[in-house]
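Residue-level structural notes
Listed here are the chains, written in short residue letters.
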Amino acid sequence: MRFPRGLLHAVALAGLVGFGATACFGPVGESAGGGAQSVVFANTGGALAEIFKANAYADLAAEGVTVAEESPNNEAKLTAMVQAGNPTWDVFYSTPYTAMGKCDVLFEKIDYSRIQTAGLEQSQLSECGVPMINSSFLLVYNKDRYGANPPTSWADFYDTTRFPGNRGIMNYAKDAGMETALLADGVPGDRLYPLDYDRAFATLDGIRSSLRFFDTGAQQTQALQSGEVDMMLAWPGRAYDALKSGAPLAVVWNQPLKYYDVVAIVKGAPHQEQAYQLINSLIAQKNQEAIANRLPYEPANTQAAKSSDPQIAEFVDGPQSQGTTVVRDNAWWAANLDEATQRWTGWVNR
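Described below are features of the structure shown in this document. In this convention, every chain numbers its residues from 1, walking through the sequence in written order. Predicted model: local features are reported for residues with pLDDT of at least 70 only, side-chain atom pairs are reported and counted for 80 or more only, and whole-chain, interface and lining totals are derived from all residues. The side-chain values count all of the structure's non-hydrogen atoms but skip hydrogen atoms and water molecules.

Turning our eyes to something else, we now look at the nonpolar core. Take the buried residues of types Ala, Val, Leu, Ile, Met, Phe, Trp, Tyr and Cys, join any two whose side-chain atoms come within 4.5 Å, and each joined set is a nonpolar core. The classification of residues rests on relative accessible area computed with a 1.4 Å probe and restricted to protein chains. Under 20% of the type maximum is buried, over 50% is exposed, and intermediate values are partly exposed. Judged by nonpolar contacts, the single largest core of 48 residues is most densely connected at F41, F52, V130, V263 and L278. Per the convention used, a helix needs a DSSP run of H or I reaching at least four residues, while a strand needs a run of E reaching at least two, with both numbered from the N terminus. Tallying contributions element by element places helix α2 (residues 46–62) first for this core, with six residues. Contacts are assigned to residue pairs with any non-hydrogen atoms lying within 4.5 Å of each other. The residues contacting V263, other than those within four sequence positions of it, are F41, V91, F92, Y93, C128, G129, V130, M132, I279 and L282. Core analysis: the next-biggest nonpolar cluster, separate from the first, contains 46 residues, Y141, L182, Y197 and L211 among them.

Structure follows, in structure tokens:
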């Protein structure tokens, strides 16, 4: 297997969250202490973890493997435990560019002879990351606000003259503010990278007074529910939550920015055999379909069916994007996350 250049470039830590409580579906102490049939999975918790527990973890339990879970998946804690040579986590839920940039540093190189890769996109397999779910950054808007003249493109998101109103955006470089600004300014989707920071910020400057910045997904959902913002550069899961609660939302399927998440094996993980078993269970058709049937994500395993729920399907890429989907360059982000974060933070705070 051949991998893109730049996979091993260093990535600075950015946007880290504080370490929270442990959610256990097995004896964490046994796992950390060397229980041969246990494995520790550091992930985001929440609804995804509930699905994992009911499907992937349950299937492993039937094979005699207990999964202990810790959340949130804090990269600072991961770094500290790996550098100390005493990791207690085995599998880590990650962005692909973190797995690329920290490959062989925080994460083990994957032995793909031990991964059931049938159904996985070859382009999403990296030396240290196995794809888990597919999703897209989306333009979501309030139907009541715009009526018969809704936005239809990123250019409309960045046009406050024709489309007045508040815009919501996550306050992290990685959350597509710069990419969508460049798309709005006419940069072709296949020529986004390397990002032209100055051009992106010039476009963002045009809507600065209408922007509302958010730090958490919960804030994003609340802003869509309350009407604080009229448009959002949205995470599909959070926009879906707002729609389910009654917010009058619609999605623009014009140049959605595709992203995906991965799972990786922690460098020096004490239970690597069980780590491979867990990853194979997470990417198996059963677990992947369970995710797709409850949350607005597209399975990473193409053998798994997408949801038939129309509300979920509204937030999952498909024919409605008419071939306009833009694919994020994760190798570029692996090599440039630190600089991009510094540039973003400088713009936000100036």
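What follows picks up the thread again.
Moving on: the pairing of strand β8 (residues 249–265). Summarising burial for β8: 15 of the 17 residues are buried, a large majority. Only strands joined by at least two bridges in the DSSP assignment are considered to pair. With four bridges joining them, strand β3 (residues 91–94) and β8 adopt antiparallel strand pairing. From the neighbouring strand, Y93 faces β8, where its bridge partner is V263. For strand β4 (residues 130–142) and β8, the ladder comprises 11 bridges, and the chain directions are antiparallel. Following the sheet pairing, L139 is matched in β8 by V252. Bridge count between β8 and strand β10 (residues 326–327): two bridges; the pairing is parallel. Bridged to L257 within β10 is V326.

Each axis is a line fitted through C-alpha atoms, taken for helices only over the stretch in contact, and angles between the N-to-C directions span 0 to 180 degrees. It is the contact of helix α9 (residues 217–226) with helix α10 (residues 236–244), at a shortest axis distance of 9 Å, that shows an interaxial angle of 40°. Taken as axis vectors, α9 and α10 run oblique relative to one another. As α9 runs across α10, the sense of the crossing is right-handed. Between α9, through G217, A218, Q220, T221, L224 and Q225, and α10, the contact on the second element is made entirely by R238, A239, D241 and A242. Under the scheme applied here, ten amino acids are nonpolar (Ala, Val, Leu, Ile, Met, Phe, Trp, Tyr, Cys and Pro), four are charged (Asp, Glu, Lys and Arg), and all others, including Gly, are polar. Per-class residue counts for the contact of α9 with α10 are four nonpolar, four polar and two charged. When describing relative orientation, an angle under 35 degrees is termed roughly parallel and one over 145 degrees roughly antiparallel, while 65 to 115 degrees is termed roughly perpendicular and anything else oblique. Should the near helix be turned anticlockwise from the far one by less than a right angle, the crossing is termed left-handed; should it be turned clockwise, right-handed.

To continue, consider helix α7 (residues 177–184). In terms of residue burial, α7 counts as a mostly covered element, since eight of its eight residues are buried. Within the span of α7, buried status applies to G177, M178, E179, T180, A181, L182, L183 and A184.

This brings us to the environment of Y259. Note that Y259 resides in strand β8. Accessibility expressed as a relative area gives 15% for Y259, which makes it buried. Considering only alpha carbons, one finds Y259 and R328, 69 residues apart in sequence, at a separation of 6.1 Å. Among residues more than four places away in sequence, those in contact with Y259 are I133, N134, S135, S136, F137 and P236.

It is worth stressing that arrangement in space is one thing and function is another; only the former is reported here.
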